[in-house]
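# Residue-level structural notes
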Amino acid sequence: MAKTKTADTICLTLYQRSLLPKIVRLATAGVASKAGFNLDEADDLQTALEELLRLHLAEDNPPGGNLCIRYSFFSDRLEIITRSIPRNFLDGANKIDRYARFILEKVADRVEESPIPDGEFEVKIVKNLPVHG
Amino acid sequence: MPRRANNTLNREAIQSLFRTYQKTRDPGIKNVLVDAHLDLAHSLARRFLNRGEPLDDLVQVASMGLLKAIDRFDPDRNVQFTTYAVPTIVGELKRYFRDRVSTIRLPRGLRERTHALNNAVQKFSQQHGRSPNVAEIAREMSISEEEVIEGLESSESVSVASLNTSSGEESDLSLLDIIGGEDKALQILDERLSLAGAMSFLSQREQSLLYLRFVEGLSQTEIAGRLRISQMHVSRLLRRTLQSLRQNLTTNKAT
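Now for a description of the structure that goes with this document. (Residues numbered from 1 in each chain as written. Chains lettered and ligands numbered in written order. Predicted model: local features only at pLDDT ≥ 70, side-chain atom pairs only at ≥ 80, totals over all residues. Heavy atoms only, no water.)

### Looking at the overall build of chain B
Each helix and strand in chain B was counted, giving twelve helices and two strands. Its helices and strands in sequence order give chain B the pattern α-α-α-α-α-α-α-β-β-α-α-α-α-α, from N to C terminus. Across the 255 residues of chain B, 51% fall into the buried class. In chain B, 63% of the contacts between residues at least 6 apart in sequence involve partners at least 24 apart. Only carbon and sulfur atoms are counted for the fraction: they give 47% of the accessible area of chain B, which is about 13000 Å². (Helix = DSSP H or I, 4+ residues; strand = E, 2+ residues; numbered from the N terminus. Buried < 20%, exposed > 50% of the residue type's maximum accessible area, 1.4 Å probe, protein only. Contact = heavy atoms within 4.5 Å. Areas by Shrake-Rupley, 256 points an atom, 1.4 Å probe, with all protein chains shown as cover.)

### Here we look at the environment of L93 of chain B
Residues and elements named next belong to chain B. Secondary-structure assignment places L93 in helix α4 (residues 81-101). Given a relative accessible area of 0%, L93 falls into the buried group. Linking L93 and S63, residues 30 residues apart in sequence, is a C-alpha distance of 9.7 Å. With residues up to four places along the chain from it excluded, the contact list for L93 reads L44, A45, F48, L58, V61 and A62.

### Remarks on the pairing of strand β5 (residues 120-128) of chain A
Residues and elements named next belong to chain A. Pairing of strand β3 (residues 77-85) with β5 involves eight bridges; the strand directions are antiparallel. Within β5, the position partnered with I85 by the bridge is F121. Of the pairings in the sheet, the one linking strand β4 (residues 110-116) to β5 comprises seven bridges and is antiparallel in character. Considered in β5, the bridge of V111 is made with I125. (Pairing = 2+ DSSP bridges.)

### Focus: the environment of E140 of chain B
The topology assignment puts E140 of chain B in helix α6 (residues 134-141). Distance in space between the C-alpha atoms of E140 of chain B and A120 of chain B is 7.3 Å, their sequence separation being 20 residues.

### A short note on the packing of aromatic side chains
One pair of aromatic rings is described through two measures. These are the centre distance and the angle between the planes. Tallied over the full model, the rule gives five aromatic pairs over all chains. Ring geometry for F73 of chain B versus F81 of chain B: centroids 5.2 Å apart, planes at 80°, classification edge-to-face. Among the residues examined, F81 of chain B registers a relative accessible area of 3% and is labelled buried. A centroid spacing of 5.7 Å and a plane angle of 45° characterise the contact between F73 of chain B and Y84 of chain B, whose relative ring orientation is tilted. A residue pair is termed long-range when its members are at least 10 positions apart, and F73 of chain B in the loop between α3 (55-72) and α4 and Y84 of chain B in helix α4 qualify at eleven residues. Taking the relative accessible area as the measure of exposure, F73 of chain B reaches 3% and is therefore buried. Pairwise contacts between aromatic rings join F18, F73, F81 and Y84 of chain B into one cluster. When the ring centre of F74 of chain A is taken as reference, the NZ or CZ atom of R77 of chain A above it lies at 3.9 Å. (Phe/Tyr/Trp six-rings, centres within 6.5 Å; stacked < 30°, edge-to-face > 60°. Lys NZ or Arg CZ within 6 Å of the ring centre and 35° of its normal.)

### Considerations on empty space enclosed by the protein
Within the structure shown, the criterion is met by three cavities of 30 Å³ or more. Taken as a whole, the largest cavity holds about 160 Å³ of empty space. If you go around the largest cavity, you meet 14 residues; those closest to its centre are L39, D43 and Q46 of chain A together with L152 and E153 of chain B. Listed by contribution, the elements that provide at least two residues to the lining of the largest cavity are α1 (20-35) and α2 (39-57) of chain A together with α7 (145-154) and α12 (231-251) of chain B. The element that contributes the greatest number of residues to the lining of the largest cavity is α2 of chain A, accounting for four residues. (1 Å grid on protein atoms, 1.4 Å probe; cavity = no way out; pocket = protein on both sides within 12 Å on 5 of 7 lines; lining within 4 Å. Points joined across faces, edges and corners; volume = space filled by probe spheres on them.)

### Looking at the interface of chain B and chain A
Counting residues at the interface gives 35 residues for chain B, matched by 31 residues for chain A. Here chain B meets chain A over a buried area of about 3000 Å², counting both sides, of which 54% is carbon and sulfur. On the surface where chain B and chain A come into contact, there are four salt bridges. Notably, a salt bridge pairs E145 of chain B with K34 of chain A, separated by 3.6 Å at the nearest N-O pair. On the surface where chain B and chain A come into contact, there are 14 residue pairs in polar contact (both at pLDDT 80 or more). (Buried area = accessible area lost by both parts, 1.4 Å probe. Salt bridge = Lys/Arg side-chain N within 4 Å of Asp/Glu carboxyl O. Polar contact = N/O pair within 3.5 Å; in protein donor to acceptor, adjacent residues only side chain to side chain.)

### Quick notes on the sheet that holds β3 of chain A
All names here are of chain A. Pairing is antiparallel in the open sheet, where five strands are placed in the order β1-β2-β3-β5-β4. Since the sheet does not close on itself, it has two edges, and those belong to β1 (8-15) and β4, each with one partner. Across the sheet, the mean angle separating the axes of adjacent strands is 15° when strand polarity is ignored. Packing against the sheet, α1 makes contact with β1, β2 (66-73) and β3, and its axis sits at approximately 10° to β2. (Axes fitted to C-alpha atoms, helices over the stretch in contact; angles between N-to-C directions.)

### Here we look at the pattern of salt bridges
Within the structure shown, the criterion is met by 20 salt bridges over all chains. Two residues, R246 of chain B and E51 of chain A, come together in a salt bridge whose shortest N-O distance is 2.7 Å. Taken together, the residues span two chains, with R246 of chain B in helix α12 and E51 of chain A in helix α2. Overlapping salt bridges bring together D76, R77, E79, R110, E112 and K124 of chain A as one network.

### Brief notes about the nonpolar core
Here is a general trend for soluble globular proteins: nonpolar side chains tend to be buried in one another's company. F89 and I125 of chain A are the most contacted members of the largest nonpolar core, which totals 53 residues. In contact with F89 of chain A, not counting residues within four places along its chain, are L52, L55, D97, A100, R101, L104, E113 and V123 of chain A. Residues I29, V34, A85 and F97 of chain B belong to the second largest nonpolar core, which totals 31 residues. (Core = buried A, V, L, I, M, F, W, Y, C linked by side-chain atoms within 4.5 Å.)

Okay, here's the thing in structure tokens:
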């Protein structure tokens, strides 16, 4: 992928609570709209983020633990990096991880996972901007 | 519940049966009265179609209302049974939607906006052959993009229709009939997800929806066109199906 300058970045730092998926869905809808995605594509991004959040919330992390989501706008794509996912789910060690990986890979153009301190992971979701006629 | 033949009892016979039933509470007479008015219950149930609930469920609810009306009707009052029964049955149907369908009661303005949004998205998709973006819908409806997003998200609080829902006002055709191929969907999805049978907890209709979206790779708008429902409806159905699958996987954590 050709390197392109980041146009803008939005960061969300959220406490993990059961309402997080709702908040993140709303924020992602707004971000996707600003990026130029249509409703189908915006829904894809919302689905991807929701699945990641569910993984995060399912791990019984201590209350108050932060989840950080960074939306980066590029001319040809939107990148969303989510920290801190509690395990390397892309390995597909169990059914839930395989399910999450399947969904994410279907709705995003690229999904990458990198280790961060404290044994956690950050997940980058890339969705290319389509050229609408 | 199967539809019955039209009422063949005249008004006097009906009133006479009600008087006898009022005195005796004879289940046999009650059955006759139920049979005589099932068409009424069916007709009222159909008025509530396209609100996201299967016709069979609505008929069941309307039939419960009919039973209540029969038990409570006083034949000595100078009023026809149907005059008494209609508001009772409609009340039962409305209560059903109030209690079991809407998870959150939205303000009227937001409900109307959500409905208008749904129509605008559908109209745009038909005209342009693709899903609109938020800005396009905002322009179409002369509202702000924030209001569009608010309406889209609040639509999640409106009833989530099942795939058993009739696809049109005049049709009792299940969406499953339109999708078809559910056996193939189950096999392929289970293989793709390597979930070793987890898919079997979903209904065949839910499996078919996942198949269309994640195996055939159809967009929500394309699925909406195939199923003759709105993109927003497909979005809600997909979300609920994914929630069901995730919930099942979480409950059964085995590898």
